[in-house]
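Coordinate analysis (summary)
Spelled out, the chains give:
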Amino acid sequence: MAHNIPAMAEYANQYKNALLNDVIPFWQNHSLDHQSGGYFTCLDRAGKVYDADKFIWLQNRQLWIFSTFYNQLENRADWLNIATHGAQFLAQHGRDSEGNWYFALDRGGNPLIQPYNIFSDCFAAMAFSKYAQASGEGWAKDIALQAYDNVLRRKDNPKGKYTKAYPGTRPMKALAVPMILANLSLEMEWLLPDDQLEQVLAATVQEVMTDFLDQESGLMIENVAPDGSLVDCFEGRLLNPGHGIEAMWFIMDIAQRRNDLSTIQQAVDVILNILNVAWDQTYGGLYYFMDSQGHPPQQLEWDQKLWWVHLEALVALAMGYRLTRNEACWTWYQTLHDYTWSHFADPEFGEWFGYLNRRGEVLLDLKGGKWKGCFHVPRALYLCWQQFEALKTIDSISN
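Residues numbered from 1 in each chain as written. Predicted model: local features only at pLDDT ≥ 70, side-chain atom pairs only at ≥ 80, totals over all residues. Heavy atoms only, no water.

Points about helix α4 (residues 118-135)
Helix length check: α4 (18 residues) gives 26 Å between terminal C-alpha atoms against 26 Å at 1.5 Å per residue, within 8%. The buried fraction of α4 amounts to 16 of the 18 residues, a majority that puts the element mostly inside the structure. A side-chain oxygen of the first residue of α4 lies 2.8 Å from the backbone nitrogen of F119; this N-cap is N117. Two residues or fewer after α4 comes G136, characterised by a positive phi angle close to 75°. (Helix = DSSP H or I, 4+ residues; strand = E, 2+ residues; numbered from the N terminus. Expected span 1.5 Å × (residues − 1). Buried < 20%, exposed > 50% of the residue type's maximum accessible area, 1.4 Å probe, protein only. Polar contact = N/O pair within 3.5 Å; in protein donor to acceptor, adjacent residues only side chain to side chain.)

Right, dumping it as structure tokens:
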């Protein structure tokens, strides 16, 4: 069933306008640290800085956003300047002497938290890859490749010497590692040899869709044993609906490249399974964490409604509908769209809220902090805009 072209155009314009006239200007106007370099991410509702510490993966995510939009939307000098502002700060302060990326710095760039987290390296590789494309700087390409090598080297033991787990008792692996490696590798396609890229993509798709996909429930499990078997404990029963859904649009992105229709359909089925389980039937919205067996989750914030979970669901549903025309994707998309835009967007001060309580009331009115920065909102707005532009084009041709 083809939906009418005006509806697709209306959605495309809504996302485009929010991105270019609201969200990007918010970060342009409020986040640049003109004194010390880099970006402020701890911004209150109106965009005022309330804490000046700098978190490496948020710094790199903002660098990725402005570099990517420079590359893919418009070669705007102000966007490239903002990217350069972050890239120079990160290149100077972001890594230890062995090339590992710290987790947090103070305002001036002095390290606060050790490089315990592989995702700092992941987002550094993504960011500097896109910045190298935008700027043509060879040093940025070198930083991207070095960070990517770090990720490959550390992926089987992501926290290394910083892990709290006692070795050998209950070894587990996390969905977050292969899912981010899949997306990261596609982001770095232009820098990687074809055979290396295809090898990594094949391995990550296999791991995600075999080891982490519970065949009985059709849900993505967050942590499994190294052989992919289920483990009956808090971590082994953990469902992270946002992660599972985000992983599926990463998988669809790869499968689309290969014209692998069966994997696309499998990913769509998983998305719908997750939504059917994770949707709050009483208050609406998607739960943050759940227990696969229905036990009380370990995370006390399990029932909060978070911005990124809903935005990733919008991306996945728009992409899934474009690729399969599955009507369930369209129905769910409209439900999620209505909830997300009516609860998270802040038309009064700009940008989006990040944290709601279960009832959908704003829990924290910050626009950025330790975990929320210039990434999920602009990326999702951009990707949804592109999906609806593509749908509009396809439907106009078919009509």
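Digging into the pattern of salt bridges
Considering all chains together, one arrives at 23 salt bridges under this definition. A salt bridge links R379 to E312, with the nearest nitrogen and oxygen atoms 3.0 Å apart. With R379 in helix α12 (residues 376-398) and E312 in helix α10 (residues 307-324), this residue pair connects regions lying 67 residues apart in the sequence. Using a relative accessible area of 4% as the deciding quantity, one classes R379 as buried. (Salt bridge = Lys/Arg side-chain N within 4 Å of Asp/Glu carboxyl O.)

Let's talk about the packing of α4 against helix α5 (residues 138-154)
Helices that pack against each other are described as a pair by the angle of their axes relative to one another and the distance between those axes. The N-to-C vectors of α4 and α5 enclose an angle of 150°; their axes lie 8 Å apart at closest approach. Considered as vectors, α4 and α5 are oriented roughly antiparallel to each other. Note on packing geometry: the crossing formed by α4 with α5 is left-handed. Taking contact as the criterion, the partners of I118, D121, C122, A124, A125, F128, S129, Y131 and A132 in α4 are, on α5, W139, A140, K141, I143, A144, A147, Y148, N150, V151 and R154. (Axes fitted to C-alpha atoms, helices over the stretch in contact; angles between N-to-C directions. Parallel < 35°, antiparallel > 145°, perpendicular 65-115°, else oblique. Left-handed = near helix turned anticlockwise from the far one by under 90°. Contact = heavy atoms within 4.5 Å.)

Some words on helix α3 (residues 77-93)
Across its 17 residues, α3 extends 24 Å between first and last C-alpha, which sits within 8% of the 24 Å expected from 1.5 Å per residue. The complete set of buried residues in α3 reads W79, L80, I82, A83, T84, H85, G86, A87, F89, L90 and H93.

Things to note about the side chain of T263
Summarising the element assignment, T263 is placed in helix α9 (residues 261-278). A relative accessible area of 12% means that T263 is categorised as buried. Those residues in contact with T263, other than ones at most four positions away along the chain, are V205, I251 and A255.

Quick notes on the packing of aromatic side chains
The geometry of an aromatic ring pair is captured by the separation of the ring centres together with the interplanar angle, meaning the angle of the planes. Here the structure, examined in full by the defined rule, presents 34 aromatic pairs. By way of ring pairs, the aromatic residues F55, W57, W64, F103, Y116, F119, F123, W371 and F375 are connected into one cluster. Over the ring of F89 we find K54, and its NZ or CZ is 4.6 Å from the ring centre. Geometry around F353 places K367 over its ring, the cationic atom sitting 5.2 Å from the centre. (Phe/Tyr/Trp six-rings, centres within 6.5 Å; stacked < 30°, edge-to-face > 60°. Lys NZ or Arg CZ within 6 Å of the ring centre and 35° of its normal.)

Focus: the sheet that holds strand β14 (residues 362-364)
A sheet is described by the order of its strands in space; here three strands give the open sequence β12-β13-β14, paired in antiparallel fashion. Each edge of the sheet is formed by a strand with only one pairing partner; in this case those strands are β12 (305-306) and β14. Inspection of the sheet shows β12 paired to strand β13 (residues 355-356) by two bridges, in the antiparallel sense. Opposite L306, over in β13, you have Y355 as the bridge partner. (Pairing = 2+ DSSP bridges.)

What about the environment of K54?
Tracing the chain through its elements places K54 in strand β3 (residues 54-55). Of the residues examined, K54 reaches a relative accessible area of 0% and is grouped as buried. Taking C-alpha positions, K54 is 18 Å from F26, a pair spaced 28 residues apart along the chain. Excluding residues within four positions of it along the chain, K54 makes contact with D33, S36, G37, Y39, Q59, F89, F103, A104, L105, D106 and R107. Reaching out from K54, the side chain makes a polar contact with the backbone oxygen of G37 at a distance of 2.5 Å.

Some points on the sheet that holds strand β4 (residues 104-105)
With antiparallel pairing, three strands are arranged side by side in an open sheet as β3-β4-β5. With partners counted over all chains shown, the strands left at the sheet margins are β3 and β5 (111-113), one partner each. Alignment of β3 against β4, held across two bridges, turns out to be antiparallel. Bridging from a neighbouring strand, F55 pairs with A104 of β4.

Thoughts on the environment of D260
Note on placement: D260 falls in the loop between α8 (241-258) and α9. Here the side chain of D260 touches T263 through a polar contact of 2.6 Å, side chain to side chain.

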